[in-house]
Amino acid sequence: MTVRIEDLLRELSPQVLGILVRRFGDFDLAEDSVQEALLAAATQWQGDGLPENPRGWLIQVAQRRMADSVRAEVARRRRETTIFEREVPVEPVARDDTLDLYFLCCHPDLPPAGAVALTLRAVGGLSTAEIAAAFLIPEATMGQRISRAKKRLAESDRPFADGAHDSARVGAVLQVLYVIFTEGHTSTSGAGLRRADLSAEAIRLTRTLLSLLPENTEVASLLALMLLTDARRAARSGPHGELIPLTEQDRSRWDRPQITEGLRLLTATLSAGLTGVYQLQAAIAGVHADAARAEDTDWARILLLYNMIERLYPNPMVTLNRAVATAMVHGPAAGLAVADTVAEPLSRSHRLAAVRGHLHEMAGEQAAAVVEYHRAAEHTASAPERDYLLLRAAHLRAVTGNDS
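Please read these numbers as outputs of a predicted model, since none were measured by experiment.

S.K.: Can you help me understand the overall build of the chain in this one?
M.R.: Looking only at helices and strands, one finds 19 helices and 2 strands in the chain. By residue count, 50% of the 404 residues in the chain fall in the buried class. When contacts within the chain are restricted to residue pairs at least 6 apart in sequence, long-range pairs at least 24 apart make up 62% of them. Working note: accessible area of the chain is about 19,400 Å², and carbon and sulfur atoms make up 52% of it.

S.K.: Would you take a moment to explain the packing of helix α7 (residues 128–135) against helix α8 (residues 139–155) for this structure?
M.R.: The axes of two packed helices give the description: the angle between them and the distance between them. Following both chains from N to C, one finds α7 and α8 inclined at 105°, their axes separated by 8 Å at the closest point. Considered as vectors, α7 and α8 are oriented roughly perpendicular to each other. Contacts from T128, A129, I131, A132 and F135 of α7 reach α8 at E139, M142, G143 and I146.

S.K.: Before we go on, may I ask you to explain the pattern of salt bridges in this structure?
M.R.: Where charged atoms from two side chains of opposite charge come close, those side chains can pair. The final tally for this structure, using the stated rule, is 18 salt bridges. A salt bridge links E295 to R293; the nearest nitrogen and oxygen atoms lie 3.2 Å apart. Residues R293 and D296 are paired through a salt bridge, measuring 2.9 Å at the closest nitrogen-oxygen approach. The exposure class assigned to R293 is partly exposed, which follows from its relative accessible area of 45%. Via salt bridges that share partners, D7, R10, E130, R195 and D197 belong to a single interconnected network.

S.K.: Teacher, can you tell me more about the packing of helix α16 (residues 332–340) against helix α17 (residues 350–362) here?
M.R.: In the contact formed by α16 and α17, the axes pass within 9 Å of each other and the chain directions differ by 160°. Our classification of the angle between α16 and α17 gives roughly antiparallel. As α16 packs across α17, the resulting crossing turns out to be left-handed. On α17, the residues that touch P332, G335, L336, A339 and D340 of α16 are L352, R356, L359, H360 and M362. For the contact of α16 with α17, a count of residues per class yields 6 nonpolar, 2 polar and 2 charged.

S.K.: Before we go on, may I ask you to explain a nonpolar patch on the surface in this structure?
M.R.: A grouping of M328, V329 and M362 is seen on the molecular surface, where their side chains present a nonpolar patch of about 220 Å² in accessible area. In this structure V329 comes out as partly exposed when scored by relative accessible area, which is 34%.

S.K.: Just checking my understanding: could you explain the environment of L304 for this structure?
M.R.: The residue L304 is located in helix α14 (residues 299–312) in this model. Through-space distance from the C-alpha of L304 to that of T326 is 9.5 Å; in sequence the pair is 22 residues apart.

S.K.: How should I be thinking about the side chain of S349 in this particular structure?
M.R.: Following the sequence through the fold, S349 ends up in the loop between α16 and α17. Here R351 takes part through its backbone nitrogen, which lies 3.1 Å from a polar atom of the side chain of S349.

S.K.: It is not clear to me how the nonpolar core should be interpreted in this structure. Could you clarify?
M.R.: One recurring pattern in soluble globular proteins: nonpolar side chains tend to sit buried together. Counting 97 residues, the largest nonpolar core has L20, L58, Y102, L118 and L209 as its most contacted members. Excluding residues that lie within four positions of it along the chain, L20 makes contacts with G25, A30, V34, I59, A62, Q63 and M66. Judged by nonpolar contacts, the second largest core, of 12 residues, contains A323, V324, L336 and A339.

S.K.: Would you explain α16 in this entry?
M.R.: Three or four residues apart is the spacing at which side chains of an α-helix point the same way, because the helix has 3.6 residues per turn. Restricting attention to buried positions, one finds in α16 the residues P332, G335, L336, V338 and A339. For α16, the angular spread of buried residues about the axis comes to 160°, placing them on one side.

S.K.: Looking at this structure, how should I read the packing of aromatic side chains?
M.R.: Any two aromatic rings considered together are summarised by their centre-to-centre distance and by the angle between their planes. Considering all chains together, one arrives at 2 aromatic pairs under this definition. Centre to centre, the rings of W45 and W57 are 5.2 Å apart; their planes meet at 70°, and the pair counts as edge-to-face. With a gap of 12 residues between them, W45 in helix α2 (residues 27–48) and W57 in helix α3 (residues 54–71) connect regions that are remote in the sequence. For the pair formed by W45 and W57, the shared burial category is buried. Plain terms: the ring middles of Y178 and Y278 are 5.6 Å apart, the flat faces sit at 75° to each other, and that makes the pair edge-to-face. Of this pair, Y178 sits in helix α9 (residues 167–185) while Y278 sits in helix α13 (residues 277–290), and the two are 100 residues apart along the sequence.

S.K.: I'm lost on the confidence of the model for the chain in this one. Help?
M.R.: Detail in the predicted coordinates should be disregarded across regions flagged by low pLDDT. On average, residues of the chain score 85 in pLDDT, and 89% of them reach the 70 mark or higher. Of all secondary-structure elements in the chain, the lowest mean pLDDT belongs to helix α4 (residues 77–84), at 50, while α16 reaches the highest, 98.

S.K.: Quick question: what am I supposed to make of helix α12 (residues 256–269) here?
M.R.: The terminal C-alpha atoms of α12 lie 20 Å apart, and with 14 residues this matches the ideal 20 Å at 1.5 Å per residue to within 8%. Listing the buried residues of α12 in full gives Q258, I259, G262, L265, L266 and T269. Taken down its axis, α12 places every buried residue within 130° of arc, on the same side. Looking at α12, the residues exposed on the side facing more than 90 degrees away from the buried face are P257, T260, R264, T267 and A268. Among the structural elements, α10 (196–212), α11 (217–230) and α13 are those in contact with the buried residues of α12. Near the N-terminus of α12, the side chain that reaches the backbone nitrogen of Q258, with its oxygen 3.1 Å away, is that of D255.

S.K.: Can you help me understand the environment of A377 in this one?
M.R.: By the secondary structure assignment, A377 is in helix α18 (residues 366–379). For A377, a relative accessible area of 6% corresponds to the buried category. Sequence separation between A377 and H350 is 27 residues, and the spatial gap between their C-alpha atoms is 7.3 Å. Sequence-distant contacts of A377, defined by excluding residues within four places in its chain, comprise R386, L389 and L390.

Analysis parameters
Residues numbered from 1 in each chain as written. Predicted model: local features only at pLDDT ≥ 70, side-chain atom pairs only at ≥ 80, totals over all residues. Heavy atoms only, no water. Helix = DSSP H or I, 4+ residues; strand = E, 2+ residues; numbered from the N terminus. Buried < 20%, exposed > 50% of the residue type's maximum accessible area, 1.4 Å probe, protein only. Contact = heavy atoms within 4.5 Å. Areas by Shrake-Rupley, 256 points an atom, 1.4 Å probe, with all protein chains shown as cover. Axes fitted to C-alpha atoms, helices over the stretch in contact; angles between N-to-C directions. Parallel < 35°, antiparallel > 145°, perpendicular 65-115°, else oblique. Salt bridge = Lys/Arg side-chain N within 4 Å of Asp/Glu carboxyl O. Left-handed = near helix turned anticlockwise from the far one by under 90°. Nonpolar A, V, L, I, M, F, W, Y, C, P; charged D, E, K, R; others polar. Patch = residues over 30% accessible without salt bridge, like charges linked within 9 Å, V, L, I, M, F, W, Y side chains within 5 Å. Polar contact = N/O pair within 3.5 Å; in protein donor to acceptor, adjacent residues only side chain to side chain. Core = buried A, V, L, I, M, F, W, Y, C linked by side-chain atoms within 4.5 Å. Arc of directions from axis to C-beta. Phe/Tyr/Trp six-rings, centres within 6.5 Å; stacked < 30°, edge-to-face > 60°. pLDDT = per-residue confidence, 0-100. Expected span 1.5 Å × (residues − 1).

Given below as structure tokens:
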């Protein structure tokens, strides 16, 4: 029962928040009231059982909390009248309140970075630390960015503009969905390698968005990328939760129907050309999916695609991925030279050291690889990744007979 309640509350939280923000327009107050309602539900439902309409129960309790908060401050009585006398529109039965909240947070009045951060925090359920890690900035800086976005959204006189027909807004939603999927696919912290709830929800919402925008090639490409990447989930970890790298995975465990769907979606986008960032990344995932064995991977094609991404959408993590592809085509020394070009912007990320360790190992430079693997292990908050890196270092020390 406990697990069921926790899962249900996690699912309902963004839906209830979306309804209250759309209905009353106060993001901060709605968010606080929903959190109080969730706490009350977690306590009461455990003993009394689930109500007949859990979402309606949460909405009612959260609205009551909102009313109490407003009434508690005399200075806000004018606001109370405006909020609680506002006509409430009839809710369409099939409305996806979670996706609505994504579009609300990705408002055109917000700077893109603030919109993405706010959505990840309020709707995606990621912690400020997880969001900061995804964007390679300090947690305090990310916290300030989220606070500023909330304030600006509260001051907007047009919070409910039609997001589905605003290309910039759609782009921000896609970025949010991709970050949430990525955090679910490989968690930046914790004991588990992945968070299935996050990756599954990102895929679900991207499917919903594609049903609204069936001609949008980047929406289709993002869904293809998610499906092709998620298809490897069963082969990514061993019986004890240990990380298994791509080159060592049992590819018979990959989800072939999911790969077929992903490739079909990707192929359908190609008539418009190969230019979108998600389209290009999906194409790379497709190259991996097409290889029956790791040694059959067309790394020259992957390198070409990374060169295209970096030229169109420069990003340090793209460059780091290009470094790996470069090493597979031109040798580890060439890959290390590329990795060195992003040493400064990726100084806070463990992934740079992990890639350096891998490339030094490819070059037969075991001592240097051990140093980099240890450096990467010290800077990751993910237990499976840390264990894998330390095991690689221990293996190399054993091979070389160096126990230092």
